[in-house]
Structures are given as structure tokens and as C-alpha cells.
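Residues per chain are reported as follows:
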Amino acid sequence: HIGRIAEGVWSSSAMPASEGDGVVMSMVSFGATGAFVGTAIGSFHAIIKPVSEPKFTNSLKLAGSHAANLAAICAVYAGTDEVLTSMNGESTMNKVAAGCIAGSLPGLQRMSPGLAFSGCVIFGVGQIVGDHNKFEQGD
């Protein structure tokens, strides 16, 4: 298993071309998407949040914070899913485990076991619901 994982980290040679570009490329792609969406969410948050400091400074802080957090969550999800898929093949449980691990990041960052557990459950269940809807649509 370790050899297949190591090969899949840097290239798609461990996986068929239809399964992706490897762990690093998936993490970069998902992370960049997370950063983009996080920036948008942070910017919106800055608009609606009353602050005492200058608006522009506050906007940059919130956009950066949200971008970094969402990028980390997305990158961890993608990396975990890629590694598990390379080891076990395509499975809903891979996505659930990846969602659980990624969803626990905000709680782990705040050193809150309860928040980490809640994030794990919410993101894991979200993956089950998403995969079920995909299955129902016949994809």
C-alpha cells in the first residue's frame, strides 16, 4: 500500500487516468477552489459584520482567514479521498472518511473535541447525502 500511495502523491501513475491527477494535484485544485470560495465568503462576512477598525483592514483579515480555513479543509478532503481511493478503490466510505477528517479541522484548530466531532459528523453525513443523490440521479 505504501508504494502505491507514494507513487500517487506525485503523479497519476498509481491510478488510471480517469481517476485523477494524483494526491498533490487534487489537493492543490481543491485547495485553490476552497481559497477562492473562502475569500468570497470572508468578503461578504466583512460587509455584514460591524467593526471598530477600518473596513478595508477588516475585509482583508476576514477574507484571508476564511480563504485559509476553507482551502485547508478542501485540500485535506481531496488528499484523504485520493489516498483512500488509491488504496481501496472508489467507495462512499472513502468520501465519508475524508469528509469526517476534513470536517474536524476547525474543531482541532480551536482545540475543541466537541466541535471537531460535530464537524466530522456533519461533513461525513454530507458526503453520504451527496453520494446518495448522485446515485439516485444515475451518475
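Just above sits the structure.
Structural notes, computed from the coordinates.

Procedures and definitions
Residues numbered from 1 in each chain as written. Predicted model: local features only at pLDDT ≥ 70, side-chain atom pairs only at ≥ 80, totals over all residues. Heavy atoms only, no water. Helix = DSSP H or I, 4+ residues; strand = E, 2+ residues; numbered from the N terminus. Buried < 20%, exposed > 50% of the residue type's maximum accessible area, 1.4 Å probe, protein only. Contact = heavy atoms within 4.5 Å. Areas by Shrake-Rupley, 256 points an atom, 1.4 Å probe, with all protein chains shown as cover. Disulfide = S-S within 2.5 Å.

**Let's talk about the overall build of the protein**
For step 1, the next point in the chain: Check the secondary structure of the protein and you find 6 helices and 0 strands.
For step 2, the next point in the chain: The secondary structure elements of the protein, listed N-terminal to C-terminal, are α-α-α-α-α-α.
For step 3, the next point in the chain: A buried classification covers 30% of the 139 residues belonging to the protein.
For step 4, the next point in the chain: Of the contacts formed within the protein by residues at least 6 apart in sequence, a portion of 54% connects residues at least 24 apart.
For step 5, the next point in the chain: Of the roughly 8400 Å² of accessible surface on the protein, 70% is carried by carbon and sulfur atoms.

**A look at the environment of M25**
For step 1, the next point in the chain: Topologically, M25 is positioned in helix α2 (residues 23-48).
For step 2, the next point in the chain: Using a relative accessible area of 46% as the deciding quantity, one classes M25 as partly exposed.
For step 3, the next point in the chain: A sequence separation of 53 residues divides M25 from A78, and the C-alpha atoms of the two residues are 9.2 Å apart.

**So, the state of the cysteines**
For step 1, the next point in the chain: In the structure shown here, the tally under the stated rule is 1 disulfide.
For step 2, the next point in the chain: Disulfide pairing places C100 opposite C120 at an S-S distance of 1.6 Å. Linking C100 and C120, the disulfide has an S-S dihedral of approximately -80 degrees and is accordingly described as left-handed. Placement of the pair is C100 in helix α4 (residues 92-103) and C120 in helix α6 (residues 113-136), with a sequence separation of 20 residues.
For step 3, the next point in the chain: Of the residues examined, C100 reaches a relative accessible area of 21% and is grouped as partly exposed.
For step 4, the next point in the chain: With a relative accessible area of 17%, C120 lands in the buried category.

**With respect to the environment of L108**
For step 1, the next point in the chain: With respect to the helices and strands, the residue L108 is situated in helix α5 (residues 105-109).
For step 2, the next point in the chain: Separated by 11 residues in sequence, L108 and G119 place their C-alpha atoms 9.7 Å apart.

By themselves, these figures tell us nothing about what the structure is for.
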